[in-house]
Amino acid sequence: MTGWIVLGVLLLLLLGLTLYVILIYNGFVQLKNNISRDWSNIDVLLKQRYDELPKLIKVCEGYMQHEKQTLEAVIKARNMAGTARSDQDKMQAQNMLTDTLKSLFMVVERYPELKADAGFRQLGNRITELEDQIADRRELYNAAVTIFNTRIDQFPDVIIARLFNFTARNLWEIDAAHRQDVEVNFQQI
Amino acid sequence: MGQNSLLIVDQLPAATPALQDLLSRLHKEHGLDIYNCRQRLIGRGRSLLHRGDRSTLESLSPLLRQAGIRHWITAPTKPSFAPAIIRALQPKEDDLTFICQKKQVGFAKGDRGLAILADLSGKLVERSVHQLLSSNAYQGRDNLSHLSTEKIFKTILQGYPVLDLYKLDTDGTIIDAVRVLPSKFDHKGLGDRATLSSRQNLLRVLELWQSYTGQSQIETGFGLFNLPGFTLYKPPQKDPDVLRKNLINLTRFGWLMADLKHSEQPSTQNTEQLDLTASISAALLTQNPALAGSEQLAEAMPIIKQVSEEITATTQEETTQQDARPAPQSRALPAPPPPISSRQWRTRRFWISALGGSLVLASGAFYELKVSLPSVISHGYEMGIIPAGCAALMFWGGFHFLKLKRLVENTPTSKIRSVAMGMVEIKGQAIRQYALVSPISSTPCTWYRLTRFRRDGTRGWVVSSVVSSGSATFLLEDETGRVCIDPQGATIRARTREEGYEGQRSLSFSSSLTNNNAREKWVEEIITEGTLLYVLGFAAVKKEQRESLRNRKVEALRKLKRDRAALDKFDADGDGQISPDEWEAARASAEQEAIHQSLQDRQERRRQEEQIIIGKPGGNRPFIIAETLSETHLTNRFVRYIIPLFCGAALCTGWAISLLIQWLT
């Protein structure tokens with residue numbers, strides 16, 4: 001009699017445990033897919049930015065005859081972003097493109113006629129809007145990765161993660177150069 | 001002693017960008033609650049922002065000054081005497097003497113004074129609240145309109161007006177005070193100013209007093225200002241106890257206003273005085289335009305003449321411009337769609353019917369098999385099947401909530417500006433898209449659900465109907481943007497919940513919430529505007545409701561037919577008639593115009609709230625709208641369901657096993 005009860009309880013525990021393992025496993029799958037989706041959602045915006053850039057460069061070329069170097073840097077960064085294959089390369093290329101765009105917008109300050117151009121304003125606003133959205137989605141991607149990485153290190157999830165080979169994902173971090181303090185030389189301004 | 005200092009602020013009529021910054025700084029740097037502060041900083045009049053020691057309050061001062069908010073730090077003086085009620089008054093050339101029962105109080109020309117005009121009937125407060133609610137309901141929270149000074153004076157005079165006049169020394173300290181109650185004094189002292197109305201006479205006393213006191217200030221905010229401890233109680237049928245309490249509070253209010261005047265910066269004082277004098281003058285003139293013509297009054301109060309001229313000029317200007325100027329753009333919210341019976345209720349009824357039907361079918365089957373239903377139930381229990389079924393249901397429930405908890409925890413929060421299509425989690429403030437008002441409490445809200453119950457013999461309260469705001473969408477706003485939310489089909493957790501019984505149609509007249517004899521009761525749940533919400537749902541592009549190309553073409557042709565001059569352009573032969581060929585050309589042109597318009601519409605970039613809507617996802621995925629402090633708070637609620645469900649499931653399983661073993665042996 002007691003043996004039956006013990007067996008029944010053990011079976012129940014086993015059932016509960018199996019269901020819990022399934023729940024954790026499915027949770028990992030969902031988190032993994034969330035990360036992939038968030039990455040793809042960034043890709044959508046990056047593609048939009050990639051498509052908008054030639055128009056912007058074309059408008060700028062008309063006014064910025066002496067800033068060929070800056071424009072070439074943007075074009076080069078755009079090409080790199082277009083050819084990057086691995087996630088790591090893509091992140092680096094996109095960071096570089098963001099940097100060159102920032103430089104371009106800084107240089108534009110010296111060209112009041114360009115700033116006043118309606119086409120440039122429209123394209124500039126569109127790209128700034130895309131930049132903001134990319135930054136938001138990058139935050140979201142990093143949040144999803146952080147949740148995943150935390151989960152796979154937590155107990156008891158760590159057991160399932162090791163068992164099914166779920167490994168930590170990379171965050172999209174900014175370049176080390178951006179962490180340095182900005183030095184402003186007022187004499188040059 | 002130091003703990004008793006008050007930081008009182010002049011409220012802002014509406015939220016400004018500077019206010020948002022101030023609120024976040026008050027929270028970050030001083031740990032003040034953002035929502036409390038916001039509530040205290042927006043409104044009409046003055047409000048107590050914070051209480052504490054003087055040094056703490058002084059540390060808040062620079063932030064308020066930076067945001068352009070006028071404020072005072074003061075330790076309220078305990079009133080050492082109450083104003084004496086006047087019986088008569090004697091105006092002389094150099095002073096105005098008020099004769100009271102035991103003493104006389106004189107105001108010499110140029111004395112500093114403070115007047116408190118208050119309504120003790122509560123009408124002013126009611127009207128002010130009504131004004132705020134109605135402007136909030138129909139114009140939205142960003143366009144709140146408050147009672148004008150003129151209306152305040154008019155309402156006070158229509159209620160139970162009391163006028164307290166304080167005499168201040170050069171430092172602003174109270175040295176004497178009198179109280180003027182309508183029809184409690186001999187109005188002969190007013191001379192030519194006296195009227196047949198006792199309330200108007202009160203106003204005349206104020207005018208006369210103002211003509212003597214050079215630096216006077218009039219306060220009408222008793223009951224309207226958000227100052228705890230200086231509140232106005234609504235007197236039921238002029239209850240003498242409540243009236244006494246109100247008079248005590250009015251005295252304390254007067255002393256506090258004197259303290260504020262005392263602690264005021266001289267730079268702002270003059271402006272304030274001029275503003276208030278102008279306001280009272282405007283109010284007096286609005287009530288009695290004939291005063292503007294009074295030479296004597298104009299001499300005594302030059303501002304009256306100035307204000308009178310301004311009013312006349314403005315009125316004339318308004319009259320001349322009325323026809324010329326375009327109608328002001330209405331910023332009122334549109335009417336909400338009609339409320340609907342909740343789908344949840346329909347679903348529940350459906351399942352109850354389905355269960356009932358299944359039982360009937362099963363009974364029929366058992367009858368055919370010569371087995372009775374009670375014996376099946378009895379066998380089911382003996383074999384442990386029924387407890388096992390209960391255990392399975394509880395397990396399922398427990399895992400459902402566990403899955404939901406993990407889903408909420410595993411979904412990162414998106415910024416509204418960059419929300420992507422698909423399942424998203426967002427947080428923000430609810431903003432109304434429609435002039436939605438809850439059915440019982442008449443509160444402007446973004447969503448409501450009214451559940452009616454009826455008492456059903458031994459079963460207690462049974463749901464009789466559920467009505468919700470249904471398809472009335474609302475907006476969710478965070479620091480980056482706004483998005484539209486369609487609450488249909490969502491699991492909504494609202495924290496504002498009111499209960500009442502049959503016949504109780506408004507919360508204003510609620511009495512007891514435990515009515516044992518009532519046969520019906522209602523529960524109203526609402527999400528008010530400005531509430532912080534957590535939303536987990538499915539983001540999708542709104543279905544476009546653009547005009548079809550055909551309709552556009554028909555409309556263009558109709559327009560063309562009405563416009564003879566435009567039609568004549570297609571009259572190629574100039575015979576004044578449109579031939580079939582010419583009409584064909586006109587049709588082609590209209591078609592071109594329609595296509596052009598349609599393409600232009602498509603190219604126009606629209607705002608996010610017009611493009612994206614968050615609603616119920618397909619399949620079994622959840623759609624949650626919760627009024628919650630944090631995500632953890634929400635998941636903790638799930639834990640409160642998970643633990644008892646799993647414990648219950650374990651107990652039921654044990655019970656089922658023991659029954660099964662008994663049955664087997």
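With that out of the way, let us pick up the overall build of chain A. Within chain A, the regular secondary structure consists of six helices and zero strands. Ordered by position in the sequence, the α and β elements of chain A form the string α-α-α-α-α-α. The buried share among the 189 residues of chain A stands at 38%. Pairs at least 24 apart in sequence give 75% of the contacts found in chain A among residues at least 6 apart. Accessible surface, chain A as shown: approximately 11,700 Å² in total, 57% of it carbon and sulfur.

The strands that make up a sheet pair up through hydrogen bonds in the backbone, lying either parallel or antiparallel. Residue and element names in this part refer to chain B. If you walk across this open sheet you meet the three strands as 2-1-3, and the pairing is antiparallel. The strands lining the two open edges of the sheet, one partner per strand, are strand 2 (46-52) and strand 3 (71-74). Ignoring which end each strand starts from, the neighbouring axes of this sheet average 20° apart. Relative to strand 3, strand 1 (residues 5-10) runs antiparallel, the two sharing four bridges. Bridge pairing in strand 3 places valine 9 opposite histidine 71. With respect to the sheet, helix 2 (residues 34-41) is in contact with strand 1 and strand 2, its orientation differing from that of strand 2 by roughly 140°. Packing against the sheet, helix 7 (residues 240-263) makes contact with strand 1, strand 2 and strand 3, and its axis sits at approximately 105° to strand 3.

A separate point is the pairing of strand 4 (residues 84-91) of chain B. Residues and elements named next belong to chain B. The pairing of strand 4 with strand 9 (residues 174-180) spans two bridges and is parallel. Within the sheet, the bridge partner assigned to alanine 84 lies in strand 9 and is valine 178. Counted between consecutive antiparallel strands, the loop separating strand 4 from strand 5 (residues 95-100) contains three residues.

Tallying the contact residues gives 31 residues for chain A and 25 residues for chain B. In total, chain A and chain B occlude about 2,400 Å² of area from one another, counting both sides; carbon and sulfur atoms represent 59% of this. Inspection of the chain A/chain B interface yields six salt bridges. Salt-bridge contacts for Lys415(B) lead to Asp136(A); the nearest nitrogen and oxygen are separated by 4.0 Å. Linking chain A with chain B are ten residue pairs in polar contact (both at pLDDT 80 or more), by the criterion used here.

What follows is about the packing of helix 1 (residues 17-30) of chain B against helix 3 (residues 54-66) of chain B. Residue and element names in this part refer to chain B. With their axes 10 Å apart at the nearest point, helix 1 and helix 3 run at an angle of 165° to one another. Looking at the two axes, helix 1 sits roughly antiparallel to helix 3. The element helix 1 and its partner helix 3 pack so that their crossing is right-handed. Two secondary-structure elements touch here, helix 1 through Leu22, Arg25, Leu26, Glu29 and His30 and helix 3 through Ser59, Leu60, Leu63, Leu64 and Gln66. Its residues assigned to classes, the contact of helix 1 with helix 3 shows five nonpolar, three polar and two charged.

Turning to the packing of aromatic side chains, a few remarks are in order. Two aromatic rings, taken as a pair, are described by how far apart their centres are and by the angle between their planes. Under the criterion given, the structure shown has 16 aromatic pairs over all chains. On the basis of an interplanar angle of 50° and a centroid distance of 5.8 Å, the ring pair of Phe225(B) and Phe253(B) is categorised as tilted. Within this pair, whereas Phe225(B) is found in the loop between strand 10 (215-219) and helix 7, its partner Phe253(B) is found in helix 7, the two being separated by 28 residues in sequence. In this structure, Phe225(B) and Phe253(B) share a single accessibility class: buried. Ring pairs connect the aromatic residues Tyr25(A), Phe28(A), Phe148(A), Phe164(A) and Phe166(A), which therefore count as one cluster. The ring of Phe81(B) carries Lys103(B) above its face, with NZ or CZ at 5.6 Å from the centroid. Lying over the aromatic face of Phe453(B), Lys521(B) brings its terminal NZ or CZ to 5.3 Å of the ring centre.

Below, the discussion takes up the pattern of salt bridges. Scanning all chains against the criterion turns up 26 salt bridges over all chains. For Arg151(A), the salt bridge goes to Glu409(B), with nearest N and O atoms at 2.8 Å. Of the two residues, Arg151(A) sits in helix 5 (residues 118-153) while Glu409(B) sits in helix 13 (residues 385-410), which places them in two different chains. We classify Arg151(A) as buried; its relative accessible area is 11%. Via salt bridges that share partners, Asp132(A), Asp136(A), Glu139(A), Lys415(B) and Arg417(B) belong to a single interconnected network.

Another point: the environment of Pro334(B). Residues and elements named next belong to chain B. Along the chain, the position of proline 334 falls in the loop between helix 10 (302-321) and strand 11 (340-341). For proline 334, a relative accessible area of 44% translates into the label partly exposed. Sequence separation between proline 334 and glutamine 433 is 99 residues; the distance between their C-alpha atoms is 7.5 Å. Here proline 334 is in contact with Gln433, Tyr434 and Ala435, once residues within four sequence places are set aside.

Axis angle and axis distance: for two packed helices, these are the angle between their axes and the distance between the axes, and together they describe the pair. Residue and element names in this part refer to chain B. The geometry of helix 13 relative to helix 18 (residues 631-664) is characterised by a closest axis approach of 7 Å and an angle of 160° between their N-to-C directions. Classified by the angle between their axes, helix 13 and helix 18 sit roughly antiparallel to one another. Where helix 13 crosses over helix 18, the two elements pack in a sense that is left-handed.

Note the cis peptide between Phe155(A) and Pro156(A), where omega equals 5°. Along the polypeptide, Pro156(A) turns up in the loop between helix 5 and helix 6 (157-163). Residue Ser183(B) is not a glycine yet carries a positive backbone phi of 60°. Relative to the helices and strands, Ser183(B) is located in the loop between strand 9 and helix 6 (198-212). Given a relative accessible area of 57%, Ser183(B) falls into the exposed group.

Attention shifts here to a positive patch on the surface. All names here are of chain B. Residues Lys123, Arg127, Lys151, Lys154 and Arg199 make up a contiguous surface patch of positive charge. Mapped by element, the contributors of at least two residues to the positive patch are helix 4 (123-139) and helix 5 (149-158). By secondary structure assignment, the location of lysine 154 is in helix 5.

All names here are of chain B. For helix 14 (residues 549-562), with 14 residues, the first-to-last C-alpha span of 20 Å sits near the 20 Å given by 1.5 Å per residue. The set of residues buried in helix 14 consists of Arg552, Ala556, Leu557 and Leu560. Projected down its long axis, helix 14 shows its buried positions confined to an angular sector of 135°, all on one face. Structural note: helix 14 exposes Arg550, Lys561 and Arg562 on the side pointing more than 90 degrees away from its buried face.

Here we take up the nonpolar core. Most often, soluble globular proteins have nonpolar side chains that are buried together. Residues and elements named next belong to chain B. Phe98, Leu163, Leu165, Leu206, Leu227 and Met257 are the most contacted members of the largest nonpolar core, which has 58 residues in total. Tallying contributions element by element places helix 7 first for this core, with eight residues. Here this core spans two domains, and each of domain 1 (2-74) and domain 2 (84-319) adds at least three residues to it. Those residues in contact with leucine 165 that sit more than four places away from it in its chain are Phe98, Phe107, Leu114, Ala115, Asp176, Ala177, Val178, Val180, Val205, Leu206 and Trp209.

Before going further, it helps to examine the side chain of Arg493(B). Looking at the secondary structure, you find Arg493(B) in strand 17 (residues 491-493). The contacts of Arg493(B), once residues within four sequence positions are left out, are Ile625(B), Ala626(B), Glu627(B), Leu634(B), Arg637(B), Phe638(B) and Tyr641(B).

Bringing the confidence of the model for chain B into the picture now. Interpretation of the predicted coordinates at a detailed level should be avoided for regions scoring low in pLDDT. All names here are of chain B. Averaged over all residues, the pLDDT of chain B equals 76, while 76% of them reach at least 70. Model confidence for chain B, summarised as mean pLDDT per element, is weakest for helix 8 (residues 266-287) at 41 and strongest for strand 22 (residues 624-626) at 91. Low pLDDT, under 50, characterises residues 265-308; the predicted model gives this stretch 56 contacts beyond four residues in sequence or across chains. Every residue in residues 310-331 scores below 50 in pLDDT, and together they form five contacts with partners more than four places removed in sequence or on other chains.

We now examine a nonpolar patch on the surface. Among the surface-exposed residues, Ile5(A), Val6(A), Val9(A), Leu10(A) and Leu13(A) lie close enough to one another that they form a single nonpolar patch of about 430 Å² accessible area. As for its placement among the helices and strands, Ile5(A) is situated in helix 1 (residues 2-63).

Here we come to helix 2 of chain B. Residue and element names in this part refer to chain B. Along helix 2, the positions that sit buried rather than exposed are Cys37, Arg38 and Leu41. Buried residues of helix 2 fall within an arc of 100° about the axis and therefore sit on the same side. Buried residues along helix 2 sit against strand 1, helix 1, strand 2 and helix 3. Following helix 2 by one or two positions, glycine 43 adopts a phi angle in the positive range, close to 155°.

Analysis parameters
- Residues numbered from 1 in each chain as written.
- Chains lettered and ligands numbered in written order.
- Predicted model: local features only at pLDDT ≥ 70, side-chain atom pairs only at ≥ 80, totals over all residues.
- Heavy atoms only, no water.
- Helix = DSSP H or I, 4+ residues; strand = E, 2+ residues; numbered from the N terminus.
- Buried < 20%, exposed > 50% of the residue type's maximum accessible area, 1.4 Å probe, protein only.
- Contact = heavy atoms within 4.5 Å.
- Areas by Shrake-Rupley, 256 points an atom, 1.4 Å probe, with all protein chains shown as cover.
- Pairing = 2+ DSSP bridges.
- Axes fitted to C-alpha atoms, helices over the stretch in contact; angles between N-to-C directions.
- Buried area = accessible area lost by both parts, 1.4 Å probe.
- Salt bridge = Lys/Arg side-chain N within 4 Å of Asp/Glu carboxyl O.
- Polar contact = N/O pair within 3.5 Å; in protein donor to acceptor, adjacent residues only side chain to side chain.
- Parallel < 35°, antiparallel > 145°, perpendicular 65-115°, else oblique.
- Left-handed = near helix turned anticlockwise from the far one by under 90°.
- Nonpolar A, V, L, I, M, F, W, Y, C, P; charged D, E, K, R; others polar.
- Phe/Tyr/Trp six-rings, centres within 6.5 Å; stacked < 30°, edge-to-face > 60°.
- Lys NZ or Arg CZ within 6 Å of the ring centre and 35° of its normal.
- Patch = residues over 30% accessible without salt bridge, like charges linked within 9 Å, V, L, I, M, F, W, Y side chains within 5 Å.
- Lys, Arg positive; Asp, Glu negative; His and termini not counted.
- Charge placed at Lys NZ, Arg CZ, Asp CG, Glu CD.
- Expected span 1.5 Å × (residues − 1).
- Arc of directions from axis to C-beta.
- Core = buried A, V, L, I, M, F, W, Y, C linked by side-chain atoms within 4.5 Å.
- Domains from an automatic or database assignment.
- pLDDT = per-residue confidence, 0-100.

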